[in-house]
Structures are given as structure tokens and as C-alpha cells.
Amino acid sequence: MTEFLRAWAEIDIDALIHNLRGIKKRAGKRKIMAVVKANAYGHGAMQLAPVISGYADAFAVATFEEAMELRKAGVEKEILILSPVPQAQYPMIIKNDIATVTFSLDGAKALSAAAGAAGKRARAYVAVDTGMGRIGLSSDDCGICEAEAIYAEKNIDFIGIITHYACADSSDKSSLREQAKRFDAFCEKLRADGYDIGLRSCDNSAAFTDCADSYEAVRVGIVIYGMYPSDEVKKENLPLLPVMSLKTKVTQVKTVPAGTKISYGHTFKAEKPMKIATLAIGYADGIPLSLSGKGSVIISGRKVPIVGRVCMDQMMVDVTDARNVDVGDTAVIFGSDGGATITADEVAAVAGTINYEIVCRLDCRVPRVFISGGETIGTFSYIGNYFG
């Protein structure tokens, strides 16, 4: 199938299952909420949801549109929208049995009213800000008072209560412990006042990998896809396999004389005769422009350097020291070929960003090719499936 493609992201289902099994084992009896926002971190939410459903108890997304994509893909399990939902969308999330976070009395009143008008019950998690500074009730007495007023609203089933750690991916867990302390105090006060707060959930991927708390639910994202939140987490606690590789094709190979300038701005000048290969991928496909003149790709099992500026749709590499490179050969942006490997983390380090962004930024015009047992089991293009 890849002979038809100029560039593609290869998604290894076997690696995905390996990661999910490890997560399931580590989670034990705790509820697993699989975070599949941003198109499953660029991996293909609709395509991976059936596999993930075999290991997760619920799904989490960032937007109503992402939630509906899962419903249309046949996901019947609980779906939680983690980000604020416009009140105009309340009737639609209620109709489709999608849960939301609530963190203001006004929002809870509007959600309750929408549920009442529909003759149904809304589903919600109460969000508490314990130190992230993003969304959530304040974790002080004022927040407690507002939470109690929220719980008094009719027509809402409160599934649980959540917070989000800001520094869980750091080896220094003092911030995490302080946030957990605030969260515990908040929950204990509500329980003491007679409120059923449901499931408690704090663990993101970093906290889950390092600490594995005793709360009833965990929310894991990046680790599902075989990447760690940072180099500071205890990787030995959760062995992972990368799920995505990014590949493209060589479209031209030419020998240029010394003094030849390459790409926009002529930022690269050949100091000697060189062999240059052009690749069919660029920043419009998600390649960071900051890789220009930095980093490498793999061709024929050998790392070769990127030269000149990355273009919108193409990029150039130096294959002077590589053997038998020809048009149509595969180049690996990140992944493995022969004995060579480049990870998304390595690409991120060179680009000055994080692995999350490297996989999430892949453009919709890059088809996803799903493999298992080394064989292609499906191909999906977001622009159109023209390849059968």
C-alpha cells in the first residue's frame, strides 16, 4: 500500500496493545480513562478506539467534535470532555450521553436546565484547580461553598471529581504532593458535609508512571502511544513501545558541486561535491521548521543529516556517505530502519519542543497506515481514501 504514498505515519497496533496491557496491569482495579484527544495524539482516534476499548473503561477528549467522532465510530463507553464546553453545546452532549467537566455554579445551572428541558440527566465531573492555574474550582473554602451549590443542582449525575497535576513529569514531586494534599482536603470536606463525590481522579500519564496513587480512576494519554511524558519519569515502572513511525519517499537524488547553495535563504552551502536527496515531506505535513539544518533522518539503515531549510512540502538531506540511495526509497523521519533509530523524543529535542507536539502536529494530509504482525491492516487518509 505504501508504494502509493508520498508520506505516511505508520501505526503499530501490536505496540499499542503492548502498552495497553502494561497500563492495565499497573492500574489494577482502578478505572482507566484513555485520553484520545487531538486525534489520539495524532495516531487516529476513530481507528484506535476499538482496540483501546478492550482495555479502557472510558475515554477522554478535549472537544465536543472529538467526542462525537468517537460516538460515530461506535464507542458506547463513557466519554468525558476535559476542556470547557460552550453552553450552547449542552443539549447536544446530553443527547449523546457525553460527560463534561463543571467548575462554576452558573455552568452547572445551565447544564441542569438543558438536561431538564431534554427530559434527561446530564453527566459531569467536578473539576478542582489545585495548582495548575487552568480550569477548576478554587481549592479553598470559597471553592467548597461553590461545589456544594453545584452538587445541589438537579438533573445532573456527578460521576466524579478531578484535578490536574502541573509538574508530575518532574523528578521533584513536591508540587505534586502539595496538589494532592489540597485535593484530598477538598474531597474530605465535601464527604464530611454529606456529598457523594464519586470517583476521584488525579493521575495523568506522568503521575501514573511514577507514583500510581490510590484514587479510583486514572487518566492516561501519551503513554498509551508509547512515549513518556519526560525523561525524568521512572520508565522502568512502565515499559513502552512507540506506536508511531513517520516515513516519506525520496523523490530525487543528485550530485552537486562545491559551492552549491541549498533551499530557501541559501542557509546551506556545499563545501565539497555532495549527493543530495529530496524528500516528499515538509512543514505543511508537520515537520518542524526548526529542524532546518539540524537533525537527521534514516535512509537504508543509516542516519543522514538534514540540509538547508525545510520547505512547505519537501526537504533535503545529505546522502553523500550513504550507499545506493535512489528515487522511491523510504526515509524515516522518526522510527527504525535496520539498526538505526530516531525517536520522536530525539526529533523534539532538536526542534526545541516536546514529543507531544511532534506527533500531534502531523497534518491531516499525512495518511495513517495501520500495521499488525508487520503487515498492513488498513490505511486512512483524512483528505480522502483514494488508495482502496
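Cut-offs and rules
- Residues numbered from 1 in each chain as written.
- Predicted model: local features only at pLDDT ≥ 70, side-chain atom pairs only at ≥ 80, totals over all residues.
- Heavy atoms only, no water.
- Buried < 20%, exposed > 50% of the residue type's maximum accessible area, 1.4 Å probe, protein only.
- Helix = DSSP H or I, 4+ residues; strand = E, 2+ residues; numbered from the N terminus.
- Pairing = 2+ DSSP bridges.
- Right-handed = clockwise from strand over helix to strand, strands pointing away.
- Salt bridge = Lys/Arg side-chain N within 4 Å of Asp/Glu carboxyl O.
- Polar contact = N/O pair within 3.5 Å; in protein donor to acceptor, adjacent residues only side chain to side chain.
- Contact = heavy atoms within 4.5 Å.
- Expected span 1.5 Å × (residues − 1).
- Arc of directions from axis to C-beta.
- Disulfide = S-S within 2.5 Å.
- Core = buried A, V, L, I, M, F, W, Y, C linked by side-chain atoms within 4.5 Å.
- Phe/Tyr/Trp six-rings, centres within 6.5 Å; stacked < 30°, edge-to-face > 60°.
- Lys NZ or Arg CZ within 6 Å of the ring centre and 35° of its normal.
- 1 Å grid on protein atoms, 1.4 Å probe; cavity = no way out; pocket = protein on both sides within 12 Å on 5 of 7 lines; lining within 4 Å.
- Points joined across faces, edges and corners; volume = space filled by probe spheres on them.
- Nonpolar A, V, L, I, M, F, W, Y, C, P; charged D, E, K, R; others polar.

## Some words on the pairing of strand 5 (residues 99-102)
- Across the two faces of strand 5 the burial is the same, with A99 and V101 and T100 and T102 all buried.
- Note that strand 4 (residues 78-81) and strand 5 share two bridges and pair parallel. From the neighbouring strand, I81 faces strand 5, where its bridge partner is T100.
- Viewed along the sheet, the connection from strand 4 through helix 5 (residues 90-95) into strand 5 turns out right-handed.
- Relative to strand 6 (residues 122-129), strand 5 runs parallel, the two being bridged by three bridges. Paired with T100 across the two strands is A124, which belongs to strand 6.
- Where the polypeptide runs from strand 5 across helix 6 (residues 105-118) and back to strand 6, its parallel neighbour, the crossover connection is right-handed.

## A few points about the pattern of salt bridges
- For the coordinates displayed, the defined rule picks out 16 salt bridges.
- Among the ionic contacts, a cluster of salt bridges with common partners joins R6, D285, D313 and R365.

## Here we look at the side chain of S201
- Among the secondary structure elements, S201 is positioned in strand 9 (residues 199-201).
- Given the relative accessible area of 2%, S201 is considered buried.
- Here the side chain of S201 touches R219 through a polar contact of 2.8 Å, side chain to side chain.
- If we ignore the near neighbours within four places in the chain, the residues touching S201 are I161, I162, T163, F183, A217, V218 and R219.

## Quick word on helix 1 (residues 13-27)
- In this model, helix 1 (15 residues) spans 21 Å end to end at C-alpha, consistent with the 21 Å of a helix rising 1.5 Å per residue.
- Turning to helix 1, its buried residues number three or more, namely I13, A15, L16, N19, L20, I23 and A27. Projected down its long axis, helix 1 carries its buried residues within an arc of 155°, all on one side. Among the exposed residues of helix 1, those oriented more than 90 degrees off its buried face are R21 and K25.
- Taking the backbone nitrogen of D14 as reference, a side-chain oxygen 3.0 Å away marks D12 as the first, capping residue of helix 1.

## Let's talk about the state of the cysteines
- A complete count under the given rule lists zero disulfides for this structure.
- Free of any disulfide, C211 has its nearest neighbouring cysteine sulfur in C202, separated by 11 Å.
- You can see C364 has no disulfide; the closest cysteine sulfur is in C360, sitting 14 Å from it.

## Considering the nonpolar core
- Membership of the largest hydrophobic core comes to 122 residues, with the highest contact counts inside it found for I52, I161, I299 and F334.
- Every residue in contact with F334, bar those within four places of it in the chain, is listed here: M244, S245, L246, I342, T343, A344, V347, I358 and V359.

## Examining the packing of aromatic side chains
- Applying the stated criterion across every chain, the model contains five aromatic pairs.
- Seen in terms of ring centroids, Y151 and F158 are 4.9 Å apart; in terms of plane orientation they differ by 65°. Their pairing is edge-to-face. Each member of the pair, Y151 as well as F158, carries the same accessibility label: buried.
- An aromatic cluster of three or more residues is present, and its members are Y41, Y225 and Y356.
- Its guanidinium or amino end placed over the ring of F208, R26 lies 5.9 Å from that ring's centre, counting from NZ or CZ.

## A short note on unusual backbone geometry
- Of note in this structure, N155 is not a glycine but carries a positive phi near 70°.
- Relative to the helices and strands, N155 resides in the loop between helix 7 (141-151) and strand 8 (156-162).
- For N324, which is not glycine, the phi torsion reads 55° and is therefore positive.
- When its relative accessible area of 71% is taken as the criterion, N324 is described as exposed.

## Focus: the layout of surface pockets
- The calculated volume of the largest pocket comes to roughly 710 Å³.
- Lining the largest pocket are 34 residues, with K37, M132, R134, H164 and N204 sitting closest to its centre.
- Secondary-structure elements contributing two or more residues to the lining of the largest pocket are helix 2 (37-41), strand 6, helix 9 (205-210), strand 10 (217-220) and helix 11 (355-360).
- Classifying every residue of the lining of the largest pocket by side-chain character gives 22 nonpolar, seven polar and five charged.
- Surrounding the second largest pocket, 23 residues form its lining, G226, P242, M244, T343 and A344 being those nearest its centre.
- Elements supplying a minimum of two residues to the lining of the second largest pocket: strand 11 (244-256), strand 18 (330-337), strand 19 (340-342) and helix 10 (344-351).
- Looking at the lining of the second largest pocket residue by residue, the class counts come to eleven nonpolar, eight polar and four charged.

## What to know about helix 3 (residues 45-52)
- Within the sequence span of helix 3, burial applies to A45, L48, A49 and I52. One side of helix 3 carries all its buried residues, which in axial view fall inside an arc of 120°.

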